Amino acid sequence: EAQWEKGARGSGTRAYPWGDEPPTCELANFGTLEESCYGGTLPSGSLPEGSSPYGLLDVAGNVSEWVLDWFSTDYYSTSEDVDPAGPPQPEEFTDQQGNIRTPIVARSGNHSTGPGNMQVFFRQAEPHDATSNGLGFRCAYPIE
């Protein structure tokens, strides 16, 4: 999760991958269920103006991205300051149907969420077995 945010934010304190200006439909695919920029997901790389300082595309909007870390509401109040590895265990919760869910962290908003969810620090809990056209993941590998 920390590495995702670093890739999206860069080395500064910017609120969005492109800077501090609020999102526009030229920078990110976002909106509400009633009105969105494009009405659904776009092919990867469709909005290059919204790239991060490292050149990462689609880290704001289009689809929220699962990361490797389990979700814990208060994890960052006790975590390491540099490259925290995430909690060792998930914080389970019970959904509205009474099912016990194990959440994993999802970062950014998607094509049907508001501009506040596009900020690089936005995070939410998603059940590890969730499915949605607004949820995906990014393949990554270490650079030696």
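In this text, all values refer to a predicted model and were calculated from it rather than measured experimentally.

Scoring rules and cut-offs
- Residues numbered from 1 in each chain as written.
- Predicted model: local features only at pLDDT ≥ 70, side-chain atom pairs only at ≥ 80, totals over all residues.
- Heavy atoms only, no water.
- Pairing = 2+ DSSP bridges.
- Helix = DSSP H or I, 4+ residues; strand = E, 2+ residues; numbered from the N terminus.
- Axes fitted to C-alpha atoms, helices over the stretch in contact; angles between N-to-C directions.
- Phe/Tyr/Trp six-rings, centres within 6.5 Å; stacked < 30°, edge-to-face > 60°.
- Buried < 20%, exposed > 50% of the residue type's maximum accessible area, 1.4 Å probe, protein only.
- Lys, Arg positive; Asp, Glu negative; His and termini not counted.
- Salt bridge = Lys/Arg side-chain N within 4 Å of Asp/Glu carboxyl O.
- Polar contact = N/O pair within 3.5 Å; in protein donor to acceptor, adjacent residues only side chain to side chain.
- Contact = heavy atoms within 4.5 Å.

Some points on the sheet that holds strand β1 (residues 64-70)
Sheet architecture is open: 4 strands sit in the order β5-β4-β1-β6, paired in mixed fashion. Sheet topology places β5 (123-127) and β6 (135-137) at the edges, where each strand pairs with a single neighbour. For this sheet, the mean angle separating the axes of adjacent strands, direction not counted, is 50 degrees. Where β1 and β6 come together, 3 bridges link them in parallel fashion. The residue bridging Ser64 from the neighbouring strand is Leu135, located in β6.

Concerning the packing of aromatic side chains
Geometrically, a pair of aromatic rings is defined through the distance of the ring centres and the angle of the planes. Applying the stated rule across the entire model yields 2 aromatic pairs. Ring centres of Tyr16 and Trp18 lie 5.2 Å apart, and the angle between their planes is 5 degrees; this geometry places the pair in the stacked category. In this structure, Tyr16 and Trp18 share a single accessibility class: buried. Centroid distance Tyr75 to Tyr76: 5.2 Å. Interplanar angle 70 degrees. Geometry classified as edge-to-face.

What to know about the side chain of Asp58
Tracing the sequence through the fold places Asp58 in the loop between α1 (2-9) and β1. In this structure Asp58 is buried but unpaired, with Arg138 as the nearest side chain of opposite charge at 5.6 Å. At 2.7 Å, the side chain of Asp58 forms a polar contact with the backbone nitrogen of Gly45. For Asp58, the contacting residues outside a window of four places in its chain are Ser44, Gly45, Ser46, Glu65 and Arg138.

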